[in-house]
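Here are the chains, one letter per residue:
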Amino acid sequence: MIRVDRVALRGLKARGHHGVFPKERDEGQTFIVDLVLGLDTRPAAADDDLSKTVHYGVVAEEVVAVVEGEPVDLIETLAERIAQVCLKHDTVEEVEVVVHKPDAPITVPFDDVTITITRSRV
């Protein structure tokens, strides 16, 4: 089993126009993203060197850009796009992505709708 350290970003918020219904595409809604990035932080810690870890501020900006970017029908597709952006960072070995859609068009009372995916280089 490969053991990795984890860097978590929770509650990234962005407005996107994702969904299968015209109202979702036209008006948009807030999406919330949680990330857990799996990587080996030992080299960065040993040298106190940002270039040897993941710059989570950059990752946050890239994820928000995906949410605010090209609309997709499914939050599954959105989560996959977010995962692929995270894995483009050389030090990131795996990522867990949770996409929250708290304003999903559901006709009964609910708190949240989420999709959780895990992707890795292996």
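These notes cover the structure that comes with them. (Residues numbered from 1 in each chain as written. Predicted model: local features only at pLDDT ≥ 70, side-chain atom pairs only at ≥ 80, totals over all residues. Heavy atoms only, no water.)

### Describing the overall build of the chain
Secondary structure summary: the chain contains four helices and four strands in total. Along the chain, helices and strands appear, N-terminal first, in the series β-α-β-α-α-α-β-β. Once the C-alpha set of the chain is aligned to its principal axes, its extents read approximately 50 × 25 × 25 Å. Buried positions account for 38% of the 122 residues belonging to the chain. For the chain, contacts bridging at least 24 residues in sequence account for 61% of all contacts bridging at least 6. Counting 14 positive and 23 negative side-chain charges, the chain places the averaged centre of each group 2 Å from the other. (Helix = DSSP H or I, 4+ residues; strand = E, 2+ residues; numbered from the N terminus. Buried < 20%, exposed > 50% of the residue type's maximum accessible area, 1.4 Å probe, protein only. Contact = heavy atoms within 4.5 Å. Lys, Arg positive; Asp, Glu negative; His and termini not counted. Charge placed at Lys NZ, Arg CZ, Asp CG, Glu CD.)

### Here we look at the sheet that holds strand S2 (residues 29-39)
Spatially, four strands are ordered S1-S2-S3-S4 in an open sheet, and the strand pairing comes out antiparallel. Looking at strand neighbours, the two that pair on one side only are strand S1 (5-16) and strand S4 (114-120), the edges of this open sheet. Recorded for the sheet is a direction-independent mean angle of 15° between the axes of neighbouring strands. The sheet contact formed by S2 and strand S3 (residues 94-100) spans seven bridges and is antiparallel. When the sheet's bridge partners are listed, Val36 is paired in S3 with Glu96. Its contacts with the sheet place helix H3 (residues 56-68) against S1 and S2, and it is angled at close to 35° to S1. With respect to the sheet, helix H4 (residues 75-87) is in contact with S2, S3 and S4, its orientation differing from that of S4 by roughly 35°. (Pairing = 2+ DSSP bridges. Axes fitted to C-alpha atoms, helices over the stretch in contact; angles between N-to-C directions.)

### Things to note about H3
Given a rise of 1.5 Å per residue, 13 residues ought to cover 18 Å, and the 18 Å separating the end C-alpha atoms of H3 matches this to within 8%. Burial in H3 covers these residues: Val59, Ala60, Val63, Val66 and Val67. What you see down the axis of H3 is that its buried residues fit within an arc of 125°, all on one side. Buried-residue contacts for H3 involve S1, S2 and H4. (Expected span 1.5 Å × (residues − 1). Arc of directions from axis to C-beta.)

### Focus: a negative patch on the surface
Taken together, the side chains of Asp5, Glu93, Glu94 and Glu96 make up a negatively charged region of the molecular surface. Within the element layout of this structure, Asp5 appears in strand S1. (Patch = residues over 30% accessible without salt bridge, like charges linked within 9 Å, V, L, I, M, F, W, Y side chains within 5 Å. Areas by Shrake-Rupley, 256 points an atom, 1.4 Å probe, with all protein chains shown as cover. Salt bridge = Lys/Arg side-chain N within 4 Å of Asp/Glu carboxyl O.)

### Description of the environment of Ala60
Tracing the backbone shows Ala60 in helix H3. For Ala60 and Glu96, which are 36 residues apart along the polypeptide, the C-alpha to C-alpha distance reads 14 Å. Residue contacts for Ala60: discarding those within four places in its chain leaves Leu9 and Leu12.

### What to know about the pattern of salt bridges
On inspection of all chains with the given rule, the structure shows five salt bridges. Residue Glu24 is joined to Lys101 by a salt bridge in which the shortest nitrogen-to-oxygen separation is 2.6 Å. Of this pair, Glu24 sits in helix H1 (residues 22-27) while Lys101 sits in the loop between S3 and S4; the two residues are 77 residues apart in sequence, bridging distant segments of the chain. The class of Glu24 is buried, set by a relative accessible area of 6%. Two residues, Asp73 and Arg25, come together in a salt bridge whose shortest N-O distance is 2.5 Å. Placement of Asp73 in the loop between H3 and H4 and of Arg25 in helix H1 is noted, with a sequence separation of 48 residues between them. Note on Asp73: relative accessible area 44%, which makes it partly exposed.

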